[in-house]
Structures are given as structure tokens and as C-alpha cells.
Amino acid sequence: MAARILSYRIGLFTLLRELQYTLSHARQEPLAAVYVPVFQELREEWKLVLLEEIEILDGMSQAQAAVDKADGGLDVFAGRASRGIDDTTEGPTRKQLRTALFKNKPLGKFRRPVLAGQLDNMSDWAETLAKCGVPALVAMAPEAETLVFAGKDAEQLRKTAQSSNRDFRDVGRRKQFIDKVNAARKEAHGGLGKLPFQNPALPHDFADGFFYSEPPREQEETIDEVKAAIAELTAQLEERNALLKKLEEEAEAEARAAEERQARAQAAEELEAQAKALLEQAAALRAKARK
């Protein structure tokens, strides 16, 4: 039986447990003394890999914070723009602006992506607002440009951090270190596995004892631990239900607002048609009066 090959996705602290177990066992067995420096060196190198992983995770956290801040700014601005359109425009102008800015999506759905599609959809907002001819909305154009630039910077920061993490794990130092550990485990197991042939007093599975044959099982949970887990899950369920209710209320409010906008637009069109008909009647009466 060979030493178990450690997965590239193994957690670093689980990897430490594997290294420390082999190192501790080798220190207590004179026949394995030759492998102590090997695993001691790996134990020290593990610290450097951990520090690099912490630095990468720190970068990812900073990038995500920048993304969330930029996304929040865009969401608030989109809400202000939506109210501004309703307050300062009507009829075809309102409809055209909503189509140009919100791409025929309700506000709640438009704001739902965290940057990504929303950022793409808002990339032309500064130009659209600047050219719309509505003073209150034109004044919002510079802010739109600033927010979109901030969003693009945050998105790029996130992509860079994610790329660094993938490289570190898939081809970089973390992956290379795990390859090194697996190679050392294989060599040690092979060397120790030869000893029983040289010394019949040793058990045939002598080498296996220096490595976990399987991941250690978790200890059985207590009643209090189960209750605590249930309480935590219940709190999470309540939180998700509250979020669901909020999203449903937002969707309902957006649907009502859309119906109201449509009704106002239809009423405006009907009034415009009536006004046009009255003007035509007035023109006809004036023409008769001149005869």
C-alpha cells in the first residue's frame, strides 16, 4: 500500500497535519531518522506557502470590497436616475430614456448583478444622460462617468486577484509545493517499505504507519453541538426568508411602478390624440369662418 496522494485542493492546515504526523513519527523511530530533515524542511517551507496564500486571499478580499462598494454606488445612482426620469419627463421621452438606460429591464432586475452585466449596461450612461436634453438628468452625467470608471477599476482588480489565486493553486507555488510533498511521501514510503525485507522482525506494513491511511474522522457531535448547529441554520433560514420577502416586495413594487408608467404614458398619448383632433377641428372651423 503506497502513501496516499494528497489532492491539489487540500487545505493548507490539513496538509500541515499530514506533514507533522509523518515528521513526528519519523522523529520517534530511529530507522526513519534519515527522513526527518526532509519533512522538517517541508514543514518550514509550508509556512512560506501559507504566507503567500494569506497575501493572495487578502488581495481577493480587498478586491471584493472594492467591487461591493462600486456596485453599491451604481445601484444607488440607478435608483436616483429612475426617479429623476419619472419626475422630469413624460410620454415618449420617458419611455425612450428608460429604454436607453435600463434596457427594458425593471429597476430591481437591472441592479441585481454585482457589476458584471450591470456595469456593461451602464457604460454608456454618461453619454446618454449628457445628450438627453433634460437639464436635471444632464447634470447627472459626470457622476455616471465617475461611477462607471470606479466600477471598471474594481472589476479589473477582482479579475487580477482571481487570476493570481488560480495561478497560485493550479500551476504556481502552492501546486508545486504539493507536488514536492507527494514526491517526498512516495520516496519515504518506498524506502521504509524495504526495511521489513531486511529485518523480518518489522511488520510488513511498517511504512504505512508513518502516514495517515485515510483522512481522520471528525469526532461524534454532542447534543449541544447539534442544537447549536440547528440554531445557526434556523438563523440563516430566517435571514434568507427575509431576503426573499424583500426581493418579492421590490419586484411587486417595480411591477406596480411599471404599470403606473404605462398607464400614464397611455393617458398622455390619448390626451395628445384628443388635442390633435381638437386642433384639427379648430382649424376646420377657422377655414369655414374665412369663407
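Keep in mind the model is a prediction, meaning the values are calculated, not measured.

1. Some points on the overall build of the protein chain
Check the secondary structure of the protein chain and you find eleven helices and zero strands. Listed N to C, the secondary structure of the protein chain is α-α-α-α-α-α-α-α-α-α-α in terms of helices and strands. Expected size for 291 residues packed as a compact globule is a radius of gyration near 19 Å; at 34 Å, the protein chain overshoots this value by more than 25%. Within the protein chain, the fraction of its 291 residues that count as buried is 31%. In the protein chain, of all internal contacts separated by at least 6 residues, the share reaching a separation of at least 24 is 73%.

2. Looking at helix α1 (residues 12–27)
Its 16 residues give α1 an end-to-end C-alpha distance of 22 Å, which sits within 8% of 22 Å, the value for a rise of 1.5 Å per residue. Residues of α1 that are buried include every one of L12, L15, L16, E18, L19, T22, L23 and A26, and no others. In an axial view of α1, the angular spread of the buried residues amounts to 160°, which keeps them on one side of the axis. In this structure, the buried side of α1 is in contact with α2 (36–88) and α9 (173–193).

3. Some points on the packing of aromatic side chains
Enumeration over the complete set of coordinates arrives at six aromatic pairs. Both rings, one in F13 and one in W46, keep their centres 5.5 Å apart while their planes meet at 75°; by these two values the pair is edge-to-face. Separated by 33 residues along the polypeptide, F13 in helix α1 and W46 in helix α2 bring together distant segments of the chain. Exposure remark for F13: the relative accessible area of 58% places this residue in the exposed category. Of the residues examined, W46 reaches a relative accessible area of 4% and is grouped as buried.

4. Considerations on unusual backbone geometry
Of note in this structure, K103 is not a glycine but carries a positive phi near 55°. Mapping K103 onto the fold places it in the loop between α3 (91–102) and α4 (107–111). Its relative accessible area of 28% is what places K103 among the partly exposed residues. In this structure, N104 takes a positive phi of about 65° despite not being glycine. Here N104 shows up in the loop between α3 and α4. A relative accessible area of 66% means that N104 is categorised as exposed.

5. Overview of the environment of V134
Among the structural elements, V134 can be located in the loop between α6 (125–130) and α7 (135–138). Expressed as a C-alpha distance, the spacing of V134 and E259, which sit 125 residues apart in the sequence, is 23 Å. Leave out the neighbours within four places in its chain, and V134 touches T88, T89 and L97.

6. Side note on the nonpolar core
By size, the foremost hydrophobic cluster in this structure holds 31 residues, and its most contacted members are L15, L19, F39, W46, F177 and L192. Of all elements in the fold, only α1, α2 and α9 reach the threshold of two or more residues within this core. Broken down by element, this core gets its largest block of residues, seven residues, from α2. When neighbours within four sequence positions are excluded, W46 is seen to be in contact with L12, F13, L15, L16, L19 and F177. Of all hydrophobic cores here, the second largest spans 27 residues; its members include L107, L119, V134 and A141.

7. What to know about the side chain of R43
For R43, the location among the structural elements is in helix α2. One buried charged residue, R43, remains without a salt bridge, the closest side chain of opposite sign being E44 at 5.2 Å. Of the polar contacts made by the side chain of R43, one reaches the side chain of Q20; its length is 2.8 Å. Apart from residues lying up to four places away in sequence, R43 is in contact with L16, Q20 and L23.

How each quantity is defined
Residues numbered from 1 in each chain as written. Predicted model: local features only at pLDDT ≥ 70, side-chain atom pairs only at ≥ 80, totals over all residues. Heavy atoms only, no water. Helix = DSSP H or I, 4+ residues; strand = E, 2+ residues; numbered from the N terminus. Rg over C-alpha atoms; globule rule 2.2 N^0.38 Å. Buried < 20%, exposed > 50% of the residue type's maximum accessible area, 1.4 Å probe, protein only. Contact = heavy atoms within 4.5 Å. Expected span 1.5 Å × (residues − 1). Arc of directions from axis to C-beta. Phe/Tyr/Trp six-rings, centres within 6.5 Å; stacked < 30°, edge-to-face > 60°. Core = buried A, V, L, I, M, F, W, Y, C linked by side-chain atoms within 4.5 Å. Lys, Arg positive; Asp, Glu negative; His and termini not counted. Salt bridge = Lys/Arg side-chain N within 4 Å of Asp/Glu carboxyl O. Polar contact = N/O pair within 3.5 Å; in protein donor to acceptor, adjacent residues only side chain to side chain.

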